[in-house]
Amino acid sequence: MKQQTTLLQFLSLLFTSSSQNHHHSTILVSAQSSAPLSSGKAVPSKLAQEVQEEHCSVDGSCYFDVLNDDSSDDSSDSGDEYEQEEIDSHLLDSLYTFLSTSTSYLPLQTLERTHLQTSHPTALNYTLFHSGNYTDATKAGSSQWIGSINAQIAKKPQYTTFGSILDIVTSGAAGGRQPTLQWLSSLVYRKELVQYHGEMNNEDEEYIKPCRIDLLDDHDEDPFRKRCILGVMLDEYVSVVSDGLNADAEEVREKKRVRAVEQVDGLGISERGEVVTSLGEVEQGKKFDTVIVNGLPVHNTEEVDLKLEHLVETYLKPGGVMYVFGEGPLINVEHNENGPGEQVFGEILGLLNSVKSLFGVHPEKPPTASFLHRTISRLGLNVVTSTTFPTPYTFDDVTSYLEEAVEWIDEMDTTQQRVSQEMKRSYYQLCSDLLYRMEDLKEEGYEEVYTGGYEYMIAAQLPNNNSDDDGGEEEHAVLPTVDTPTPYTPKEKYRADRDPNVEQLQFPPLAPGVLETYKWANGDPYDGLSARIGIPPQLKDTIIAYAKGLGIWDIILNTMEPENQMRPDSTKILTVASPYSGQNFTWSVKRPDNFEGSSSDMHWFDIADEAAHEEALRALAKGGFDEVLNAIGTYLGLDNLVSFSIGILAVTKADKGYVHVDFSKSGKKAA
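Just so we're clear, the structure is a prediction, and the values are computed from it rather than from any experiment.

**A short note on the pairing of strand β12 (residues 382-390)**
Each regular strand shows side chains that alternate between the opposite faces of the sheet.
Right, on to step 1. Across the 9 residues that make up β12, a large majority, 8, are buried.
Right, on to step 2. Sheet analysis places β12 next to strand β15 (residues 454-461), joined by 8 bridges and oriented antiparallel. By the bridge assignment, T387 is partnered in β15 with M457.
Right, on to step 3. Here β12 runs beside strand β18 (residues 486-487); their pairing, made up of 2 bridges, is parallel. The residue of β18 that forms the bridge with T387 is T486.

Here is the structure:
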């Protein structure tokens, strides 16, 4: 024998009538049923299982709280709120400035976005799928108002951690410009920065929460102060100032470590991690959730390949993500495709390479983003992001190349046969001419030049294949892989359609006693919680006739007249006579309070004694309500189901809707 369960207000029969004064009344007849449970445990139902599936992602995260959930304001939950740590105001100012103004943050911001997407791979699809449908054949979840699905709750915002981070700043490599220590500090103090962001904008709600986990409110269009801050943080870090595979002398590596330790102390993150001089000093056997390679050797491609393979096999956890930063080679295009600033820069680079070649030093091009992308893919990682960022050079950057050329010229030994005094003077003259041309461009208003160079950020996830009970492999959810590096494009703002052309629900004819869940007109499921039941043809007329026989029908129409309506949050007792036996019964009528500014004139009429209840069951039986109960019980897999009450709701207007809650603090899950 299967257990019985409680079913509250599952069935609603809707009737509409008109009085002689043309005031329309909507009457909702609600049948409630209940039965005790033999074991005190709820029976899992098909609908309940669907709810569980819909609200939990395949990555195991169930994070679809309602933004205005009454339970979120419960003071008993205050112990879970984040307690802000003390932080030096000057440090907070500098970190905020770094996030809001530094051009170096853009590749790191892309890294943060990628991490949120890999940590919550189903969040965006879940939000869009549950946002609704349209009649114009657009795909379910197209731009529209998404409300509170996946929204951050102000009192309990959700932050996503990088876990343990191995940060490798390779020496003698391209692309070591990313200020990762400062960025690591911003992760440690990210919650404080989000609060600081709200204070800077003088907002109480919008800016004290991090961006949504589906990133629909994250974009690049507005100034930083008008955007949300990504909710990411870390558990611990190890920063390697020299990877040990390059040619730094021991004393050089130690100087780098000392400088890094001083910086870490100033950034207030010394207690969250450590700084070491080489990978050999990392704890043996320790693997990390996140590995950041901040530049790679430029000597030869084989070394790059071996280095990446070593990092993946030795330090990256299964399911972890490796982020590779670097600078691609400068691409000198023809002068007629460049502006005057680019022409000068190209000539300066040519001069520098010419001078260095006299010393036997030939230019080495760093690996391209495309080469690294292919190499990482061959190692068995899923490349989920591969982005290039154009690198504009300021005139100060250009001048530094010219200064380097002068330093090399100074070292020329004219006593050697291949370098004459005249050659040295010619090189100096070229430097002087180029410097004057740069000064002229600065006076003309040129600020920066671009010669095709770029920075890149490649993110790749190591698959996490775990054997299941059947001996197979269950691969964790990951983002789709990308085939090739693509230039960065600013992230557009999600513009919600707040007045969508909402698709209609399906209303196919149903035979009596058939239950079917609601579906959109295109066949998509509605919510998995709502259903229609085909009612016996005589049920509606039987219920209306019974209500009229009791005299309730006329009382309803009279009560709904504006001058006769009860005051909000009041109750009245009625005495009515049975149309079957003439026996007097007690009913009640109640008007609820004006909840949430609804200004509704709803009244509900309920049975108020046992005799009235028993006869109401006779009316339901006469109308064939057993077929309805049988449909519900069959769908839910129940053996026993009974009705315990009948009620009539009457309403003609409401300024706005609200969710009626029978049980408080249930998160509006028992309506």
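**Comments concerning the nonpolar core**
Right, on to step 1. The biggest cluster of nonpolar side chains holds 48 residues, and the ones touching the most others in it are W183, L184 and Y323.
Right, on to step 2. Counting residues per element, the ones that place at least two in this core are α2 (89-101), α3 (105-119), α5 (180-188), α6 (190-200), α7 (250-266), β11 (316-327), β12 and β15.
Right, on to step 3. Excluding residues that lie within four positions of it along the chain, L184 makes contacts with I165, D167, L234, Y237 and I269.
Right, on to step 4. By size, the runner-up hydrophobic cluster in this structure holds 38 residues, among which are I533, V628, L629 and I632.

**What about the sheet that holds strand β8 (residues 273-276)?**
Right, on to step 1. Read across the sheet, 8 strands follow the order β8-β7-β4-β9-β11-β15-β12-β18 without closing on themselves; strand pairing throughout is mixed. Only two strands of the sheet have a single partner each, and these edge strands are β8 and β18.
Right, on to step 2. Taken together, the 4 bridges between strand β4 (residues 164-168) and strand β9 (residues 288-294) define a ladder with parallel strand orientation. The residue bridging I168 from the neighbouring strand is V293, located in β9.

**Comments concerning helix α16 (residues 625-636)**
Right, on to step 1. The end-to-end C-alpha distance of α16, which contains 12 residues, comes to 17 Å, matching closely the 16 Å that a straight helix rising 1.5 Å per residue would cover.
Right, on to step 2. Of the positions making up α16, those classed as buried are F625, V628, L629, A631, I632, G633, Y635 and L636.
Right, on to step 3. Residue G637 follows α16 closely and has a positive phi angle near 75°.

**Observations regarding the confidence of the model for the protein**
Right, on to step 1. Per-residue confidence for the protein gives a mean pLDDT of 76; residues scoring 70 or more make up 71%.
Right, on to step 2. Low pLDDT (under 50) marks residues 1-84, which in the prediction has 181 contacts with non-local residues, meaning those over four places away or in another chain.
Right, on to step 3. Here residues 467-476 scores under 50 on pLDDT; set against residues more than four positions off or in separate chains, the count is 12 contacts.

**Quick word on unusual backbone geometry**
Right, on to step 1. The phi dihedral of L215 is positive, around 65°, even though this residue is not glycine.
Right, on to step 2. A positive phi angle is found at D569, which is not glycine, with a value near 60°.
Right, on to step 3. Here D569 lies in the loop between α14 (552-559) and β21 (570-577).
Right, on to step 4. Judged by its relative accessible area of 44%, D569 is partly exposed.

**Here we look at helix α12 (residues 421-443)**
Right, on to step 1. The terminal C-alpha atoms of α12, which comprises 23 residues, lie 33 Å apart, in line with the 33 Å expected from a rise of 1.5 Å per residue.
Right, on to step 2. Of the residues one or two after α12, G445 is the one with positive phi, at around 100°.

**Thoughts on the packing of α5 against α6**
Right, on to step 1. Running from N to C, α5 and α6 point in directions that differ by 75°, and their axes come no closer than 4 Å. One way to sum up the angle between α5 and α6 is to call them roughly perpendicular. On α6, the residues touching W183, S186, L187 and V188 of α5 are R190, E192 and L193.
Right, on to step 2. Class assignment for the residues of the contact of α5 with α6 results in 4 nonpolar, 1 polar and 2 charged.

**Describing the environment of A631**
Right, on to step 1. Mapped onto the elements of the fold, A631 is located in helix α16.
Right, on to step 2. For A631, a relative accessible area of 7% puts it in the buried group.
Right, on to step 3. With 97 residues separating them along the chain, A631 and G534 place their C-alpha atoms 8.8 Å apart.
Right, on to step 4. Beyond its immediate sequence surroundings of up to four residues, A631 is in contact with G513, V514, L515 and I533.

**As for the pattern of salt bridges**
Right, on to step 1. Scanning all chains against the criterion turns up 13 salt bridges.
Right, on to step 2. The residue R190 makes a salt bridge to E112 at a minimum N-O spacing of 2.9 Å. Placement of the pair is R190 in helix α6 and E112 in helix α3, with a sequence separation of 78 residues. The exposure classification of R190 matches that of E112, with both residues buried.
Right, on to step 3. One salt-bridge network, held together by shared partners, links R113, D218 and D220.

**Concerning a negative patch on the surface**
Right, on to step 1. Side chains of D396, E403, E407, D410 and E411 sit close together on the surface and give a patch of like negative charge.
Right, on to step 2. Looking at the secondary structure, you find D396 in helix α11 (residues 395-410).
Right, on to step 3. On the basis of relative accessible area, D396 is assigned to the exposed category, the value being 58%.

**Notes on the packing of α2 against α6**
Right, on to step 1. In contact at an axis separation of 10 Å, α2 and α6 are set at 80° when each is read in the N-to-C sense. Of the possible angle classes, the one that applies to α2 and α6 is roughly perpendicular. On α6, the residues that touch L92, D93, L95, Y96 and L99 of α2 are R190, E192, L193, Y196, H197 and M200.
Right, on to step 2. For the contact of α2 with α6, the residue count by class is 7 nonpolar, 1 polar and 3 charged.

**What about the pairing of β15?**
Right, on to step 1. With 8 of its 8 residues buried, β15 lies for the most part within the structure.
Right, on to step 2. Going residue by residue along β15, you find Y454, Y456, I458 and A460 tucked away on one face and E455, M457, A459 and Q461 tucked away on the opposite face as well.
Right, on to step 3. Of the pairings in the sheet, the one linking β11 to β15 comprises 7 bridges and is antiparallel in character. Within the sheet, the bridge partner assigned to F325 lies in β15 and is M457.

Procedures and definitions
- Residues numbered from 1 in each chain as written.
- Predicted model: local features only at pLDDT ≥ 70, side-chain atom pairs only at ≥ 80, totals over all residues.
- Heavy atoms only, no water.
- Buried < 20%, exposed > 50% of the residue type's maximum accessible area, 1.4 Å probe, protein only.
- Helix = DSSP H or I, 4+ residues; strand = E, 2+ residues; numbered from the N terminus.
- Pairing = 2+ DSSP bridges.
- Core = buried A, V, L, I, M, F, W, Y, C linked by side-chain atoms within 4.5 Å.
- Contact = heavy atoms within 4.5 Å.
- Expected span 1.5 Å × (residues − 1).
- pLDDT = per-residue confidence, 0-100.
- Axes fitted to C-alpha atoms, helices over the stretch in contact; angles between N-to-C directions.
- Parallel < 35°, antiparallel > 145°, perpendicular 65-115°, else oblique.
- Nonpolar A, V, L, I, M, F, W, Y, C, P; charged D, E, K, R; others polar.
- Salt bridge = Lys/Arg side-chain N within 4 Å of Asp/Glu carboxyl O.
- Patch = residues over 30% accessible without salt bridge, like charges linked within 9 Å, V, L, I, M, F, W, Y side chains within 5 Å.
- Areas by Shrake-Rupley, 256 points an atom, 1.4 Å probe, with all protein chains shown as cover.
- Lys, Arg positive; Asp, Glu negative; His and termini not counted.
- Charge placed at Lys NZ, Arg CZ, Asp CG, Glu CD.

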